[in-house]
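Residue strings, one per chain:
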Amino acid sequence: MPAARRPLAGLLMSVIVLCLVPLGVAAPALGARKAAPRPVSPRAVATAESVAAGVWGVAACSGKVAIAWWARPRSVNAVSSWANRISPYGDPRGNFDCKVEFNPRAAWTWAKFCTVLVHEFGHLTGHRHSADPHDVMAPVLGEPLTACTSAPRPPAA
């Protein structure tokens, strides 16, 4: 259905979740930012998406997730956003307009990028933050996910 015809009642517009950041850190205004270069190769993104699908047992947003790079404060690794007509977390199969924006200012290693992508895709598959600091869904990045450290690092190109 075209965007202009979608019913407004019950439509949750772009739920934005700041993930893996210390509490109290706010994202900059959306209109004031510029696209940034991608410090991670498309192959690394595809490999991390495969790891995430294995962890969550499903492809986030039916495999339709836009990946972008936007400069943010160094303490912000990534931000995910999506829309859902019913519930932002209660009906993940209905998520659409899914996006994960990574911060090129963060110090990325393969294991960190993969872990952060798995975390963000966790939100897109219906998972909220966890109080367990060892859980991949903890709001602050801890140790890299074992599935990411054991996955072979993808080639740079």
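In short, a report on the structure. Model, not experiment: these values are computed from the prediction.

## A word on the state of the cysteines
If you walk through the whole model with that rule in mind, you get 2 disulfides. Each sulfur in the disulfide pair C61 and C98 lies 2.0 Å from the other. On the sign convention where negative means left-handed, the S-S torsion of about -80° between C61 and C98 marks this disulfide as left-handed. Of the two residues, C61 sits in the loop between α1 (42-56) and β2 (65-69) while C98 sits in strand β4 (residues 96-102), which places them 37 residues apart along the sequence. The burial state of C61 is the same as that of C98; both residues are buried. Disulfide pairing places C114 opposite C148 at an S-S distance of 2.1 Å. The sign of the -70° torsion about the S-S bond sets the C114-C148 disulfide as left-handed.

## Examining the packing of α1 against helix α2 (residues 110-124)
Following both chains from N to C, one finds α1 and α2 inclined at 50°, their axes separated by 9 Å at the closest point. It follows that α1 is oblique to α2 by the angle criterion. As for how α1 packs across α2, the hand of that crossing is right-handed. Between α1 and α2, the contacting residues are A44, V45, T47, A48, E49, V51, A52, V55 and W56 on the first element and W110, F113, C114, L117, V118, F121 and G122 on the second. Taken together, the residues of the contact of α1 with α2 break down into 13 nonpolar, 2 polar and 1 charged.

## Focus: α1
Taking 1.5 Å of rise per residue, the 15 residues of α1 would be expected to cover 21 Å, and the 21 Å separating its terminal C-alpha atoms lies within 8% of that figure. Those residues of α1 not exposed but buried are A44, V45, A48, V51, A52 and W56. The arc enclosing the buried residues of α1, seen along the axis, measures out at 125°, which places them on a common side. Along α1, exposed side chains directed more than 90 degrees from the buried face belong to P42, S50 and G54. Contacts made by the buried residues of α1 are with β2, α2 and α3 (146-150). Backbone geometry just after α1 places G57 at a positive phi near 75°.

## As for the packing of aromatic side chains
Applying the stated criterion across every chain yields a total of 7 aromatic pairs. Taken together, a centroid distance of 5.8 Å and an interplanar angle of 80° make the contact between W108 and F113 edge-to-face. By relative accessible area, F113 is classed as buried at 1%. What links up through ring pairs into an aromatic cluster is the set W69, F102, W108 and F113. Geometry around W108 places K112 over its ring, the cationic atom sitting 5.4 Å from the centre.

## Digging into α2
Each turn of an α-helix holds 3.6 residues, which means side chains three or four residues apart point in the same direction. Here α2 spans 21 Å end to end across 15 residues, near enough to the 21 Å set by a 1.5 Å rise per residue. Counted residue by residue, α2 has 15 buried out of 15 residues, so it is predominantly covered. Note on α2: the residue one or two positions beyond its end, G126, has a positive phi of about 100°.

Calculation notes
- All residue numbers refer to position in the chain's written sequence, counted from 1.
- Selection of residues for local features in this predicted model requires a pLDDT of at least 70, selection of side-chain atom pairs for listing and counting requires 80 or more, and totals for whole chains, interfaces and linings are taken over all residues.
- The side-chain numbers reported here are obtained from all heavy atoms of the structure, hydrogens and water having been left aside.
- Criterion for a disulfide: a pair of cysteine sulfur atoms at a distance within 2.5 Å.
- Only runs of H or I of at least four residues qualify as helices and only runs of E of at least two qualify as strands under DSSP, and these elements are numbered from the N terminus.
- Burial classes: relative accessible area under 20% of the type maximum marks a residue as buried, over 50% as exposed, and values in between as partly exposed (1.4 Å probe, protein chains only).
- Note on definitions: angles span 0 to 180 degrees between N-to-C directions of axes, and those axes are lines fitted to C-alpha atoms, for helices only across the stretch in contact.
- Our angle categories are set so that under 35 degrees counts as roughly parallel, over 145 as roughly antiparallel, 65 to 115 as roughly perpendicular, and the remainder as oblique.
- Rotating anticlockwise by less than a right angle from the far helix to the near helix defines a left-handed crossing, while the corresponding clockwise rotation defines a right-handed one.
- Contact between two residues is taken to exist if any of their heavy atoms lie within 4.5 Å; hydrogens are not considered.
- For this classification, the nonpolar set comprises Ala, Val, Leu, Ile, Met, Phe, Trp, Tyr, Cys and Pro, the charged set comprises Asp, Glu, Lys and Arg, and every other residue, Gly included, is treated as polar.
- In this analysis, the expected span of each helix is defined as 1.5 Å times one less than the number of residues it contains.
- Throughout, the arc means the angular range of directions from the helix axis out to the C-beta atoms.
- Classification of ring pairs uses Phe, Tyr and Trp, with its six-membered ring standing for Trp, and accepts pairs whose centres are within 6.5 Å; under 30 degrees between planes counts as stacked, over 60 as edge-to-face, and the remaining range as tilted.
- Counted as over-ring charges are cases with an Arg CZ or a Lys NZ within 6 Å of the ring centre that also lie within 35 degrees of the ring normal.

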